[in-house]
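# Chains, contacts and geometry: an overview
Residues per chain, in single letters:
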Amino acid sequence: MTYHRFVPGCAAAAMAASLLTSSILSAQDDDEKRNRALRILAVGQEPPWREVIQGGRRMQIPPPVGSLPPGRLQLSNAEGIELGQAVGIKLNQFSNILPVSPGTHPLHAVGEGGFDPKSWYSLKFPSVPAGLAVLWRDPKEGKWTNGCKGVVLRDDLAGFPAGRVRIVNVSKYPLGLKFGSEKGLLKPGQVLMRAGNSGSFSKTPLELSVKDSKTGRWVRALSQEINQKATERTHIVLYTTDGEAPARPVSAVVLREVARTPAVKKSSR
């Protein structure tokens, strides 16, 4: 009978290989669980463009710290380990899709120094195929530096179908609403959805106003016509104007798009 000596190095290598395999399988399982689509829409006022002349050349002055949200955001798991890829964030524009699963997810800023292990914001994703996280600057902080306020809305066609206009008031003000022949009041945090004629809108007037705290008069915050095909949908988000010397207390983001449910691309393995 032949006996073999135990070799610690081989055992360590085998254990490392086993742990690596387990880690890969765990990551694959996690990717399969994150099959819901998350888009991010950060709303707010852009900082003013400032420039100086140095050496005969015009140069832009960087905006003040906290006047813009992080340029990129990335999800992590409960242990703070990065999940997937970071997405770019620009004010008043939809981000690319982040794969998620239902539950609470920390969002981390990714800057020049890389991934920030400290959670910047935590969102709760519902059990729906797709969601839109609307984020805005915390009015108490006045900056985007230490996080923000936010709400997650349904982004799938079952929750936001084609031929609809969705108006979301994330400002701190109640707003007077005139939409076509409809009149009413849109409270802070309220979401209103309306369908057009056979799903389309043609030169439908939309007007939103806010009451001036000093004069008591209604000041127009948004006035425009809504035009939309039956195959489209329109997002309208009202937010508290948060920039320098705002001309009005409330501003609006209006985004029209072809109506489809955002979907996570299947990874090829």
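Refer to the structure printed above.
Overview of the structure. The residue count restarts for each chain, going from 1 along the sequence in the order it is written. Totals for whole chains, interfaces and linings use every residue, but because this is a predicted model, local features are given only for residues with pLDDT of at least 70 and side-chain atom pairs only at 80 or more, for both listing and counting. With hydrogens and water stripped out, all remaining heavy atoms of the structure feed into the side-chain values.

### Side note on the side chain of Ser171
Only DSSP runs of H or I reaching four residues or more are called helices, and only runs of E reaching two or more are called strands; each is numbered from the N terminus. For Ser171, the position within the fold is in the loop between strand E12 (164-169) and strand E13 (175-179). The definition of a polar contact used here is a pair of N or O atoms within 3.5 Å, where within protein one atom must be able to donate a hydrogen and the other to accept one, and adjacent residues in sequence count solely through side-chain atom pairs. At a separation of 2.7 Å, a polar atom in the side chain of Ser171 contacts the side chain of Asn169. Contacts: residue pairs with any heavy atoms within 4.5 Å of one another. Every residue in contact with Ser171, bar those within four places of it in the chain, is listed here: Pro188, Leu238, Tyr239, Thr240 and Val250.

### Here's the deal with the nonpolar core
We call a set of buried residues a nonpolar core when its members are Ala, Val, Leu, Ile, Met, Phe, Trp, Tyr or Cys and they connect through side-chain atoms within 4.5 Å of each other. Categorising residues by exposure relies on relative accessible area from a 1.4 Å probe, with only protein chains included: less than 20% of the type maximum marks a residue as buried, more than 50% marks it as exposed, and the intermediate range marks it as partly exposed. In this structure, Leu38, Ile40, Leu107 and Leu135 are the most contacted members of the largest nonpolar core, which totals 21 residues. Mapped onto this core, the elements with two or more residues apiece are strand E1 (36-43), strand E4 (72-76), strand E5 (82-88), strand E6 (98-100), strand E9 (121-125) and strand E10 (130-136). Every residue in contact with Leu135, bar those within four places of it in the chain, is listed here: Ile40, Leu41, Ala42, Val43, Trp120, Tyr121, Trp144, Cys148, Lys149 and Gly150. Leu175, Phe201, Leu222 and Ile236 belong to the second largest nonpolar core, which has 17 residues in total.

### Here we look at the sheet that holds E12
In space, the four strands of this open sheet follow the order E15-E12-E18-E19, with mixed pairing throughout. A single partner strand is all that each edge strand has here, and the edge strands are strand E15 (191-195) and strand E19 (250-258). Pairwise comparison of adjacent strand axes, ignoring direction, gives a mean angle of 15 degrees for this sheet. Judged from the five bridges that link them, E12 and strand E18 (residues 232-240) form a sheet pairing that is parallel. Two strands are counted as paired when DSSP detects at least two bridges linking them. With axes taken as lines fitted to C-alpha atoms, and helix axes fitted only over the stretch in contact, angles between N-to-C directions fall between 0 and 180 degrees.

### Details of the sheet that holds strand E17 (residues 218-228)
Strand order across the open sheet formed by four strands is E14-E13-E16-E17, with antiparallel pairing between neighbours. Both edges of this open sheet fall to strand E14 (182-186) and E17, since each of them pairs with a single strand only. Averaged over all pairs of adjacent strands, the angle between their axes in this sheet comes to 20 degrees, without regard to strand direction. Bridge count for E13 against strand E16 (residues 201-211) is five bridges, and the pairing is antiparallel. Within E16, the position partnered with Leu177 by the bridge is Leu208.

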